[in-house]
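# Working through the structure, step by step
Next come the chains, spelled out residue by residue.
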Amino acid sequence: MERTFVMVKPDGYARGLVGRIVTRFEEKGFTLVDGRVVQLTREHAEHHYGHLRSKVFFDELVDFIISGPVFAMIWEGKDAVKNARALIGATNPSEALAGTIRGDFALDVASNIIHGSDSVENAEQEIKLFFQ
Ligand code: DAT
Ligand code: MG
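Nothing here was measured: the structure is a model prediction, and the numbers come from that model.

Rules used throughout
Residues numbered from 1 in each chain as written. Chains lettered and ligands numbered in written order. Predicted model: local features only at pLDDT ≥ 70, side-chain atom pairs only at ≥ 80, totals over all residues. Heavy atoms only, no water. Phe/Tyr/Trp six-rings, centres within 6.5 Å; stacked < 30°, edge-to-face > 60°. Helix = DSSP H or I, 4+ residues; strand = E, 2+ residues; numbered from the N terminus. Buried < 20%, exposed > 50% of the residue type's maximum accessible area, 1.4 Å probe, protein only. 1 Å grid on protein atoms, 1.4 Å probe; cavity = no way out; pocket = protein on both sides within 12 Å on 5 of 7 lines; lining within 4 Å. Points joined across faces, edges and corners; volume = space filled by probe spheres on them. Near = heavy atom within 4 Å. Polar contact = N/O pair within 3.5 Å; in protein donor to acceptor, adjacent residues only side chain to side chain. Areas by Shrake-Rupley, 256 points an atom, 1.4 Å probe, with all protein chains shown as cover.

Attention now moves to the packing of aromatic side chains. Counted according to the given criterion, the structure contains five aromatic pairs. Measuring from ring centre to ring centre gives 5.1 Å for F25 and W75, while their planes differ by 20°; the resulting arrangement is stacked. With F25 in helix α2 (residues 18–28) and W75 in strand β3 (residues 70–77), this pair connects stretches of sequence that are 50 residues apart. Accessibility expressed as a relative area gives 0% for W75, which makes it buried. Taken together, the ring pairs in this structure connect F5, F130 and F131 into an aromatic cluster.

What follows is the structure, encoded as structure tokens:
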């Protein structure tokens, strides 16, 4: 069984969406392995989004992700990385289909409420960093 890393971002946490998001993953058939509330440090956030360092929105992104607590989770299931990203929906909520988490709960790419790992390798790295 594959594992992936998912986190409800500060906007989703502040809006009280953790429970509904957890329910969606459970309904889809994933198994919750672990979950915890975390306040990211700037260093951790810059590392987590290191692949976006050259983007104009990088500073804004880091400020946003450390602006409040996140809810970090490990989910297990068949093709967990790919299937979790399908459940989450497109990066830009304006393009995310209805029925996906971003499609149903978000409007703006800068506050798209949830993160999911984009590869098995990154999932392992992110799990290590958040659940060491
Ligand atoms: P994803 O979160 O779907 O894996 P990503 O890894 O490319 O997308 O980007 C990470 C986050 O950065 C994304 O969830 C929201 C933010 N982001 C991406 N593109 C953006 C943009 N054009 N303007 C503002 N924020 C952006
Ligand atoms: Mg990504």
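What follows covers the layout of surface pockets. In this structure, the largest pocket spans a volume of roughly 660 Å³. Y49, H51, L52, L61 and H115 are, among the 24 residues lining the largest pocket, the residues nearest its centre. Listing elements by their share of the lining of the largest pocket, those giving two or more residues are α3 (42–48), α4 (58–65), β4 (114–116) and α7 (120–130). In terms of residue count, α7 provides more of the lining of the largest pocket than any other element does, four residues in total.

What follows covers the site of ligand 1. As a structural note, the neighbourhood of ligand 1 is formed by K9, Y49, H51, L52, F57, L61, R85, T91, R102, V109 and N112. Within the contact set of ligand 1, an oxygen atom lies 2.9 Å away from a side-chain nitrogen or oxygen of R85. N112 is positioned with one of its side-chain polar atoms (N or O) 2.9 Å from an oxygen atom of ligand 1. Burial of ligand 1 by the protein chains amounts to 76% of its free accessible area of 520 Å².

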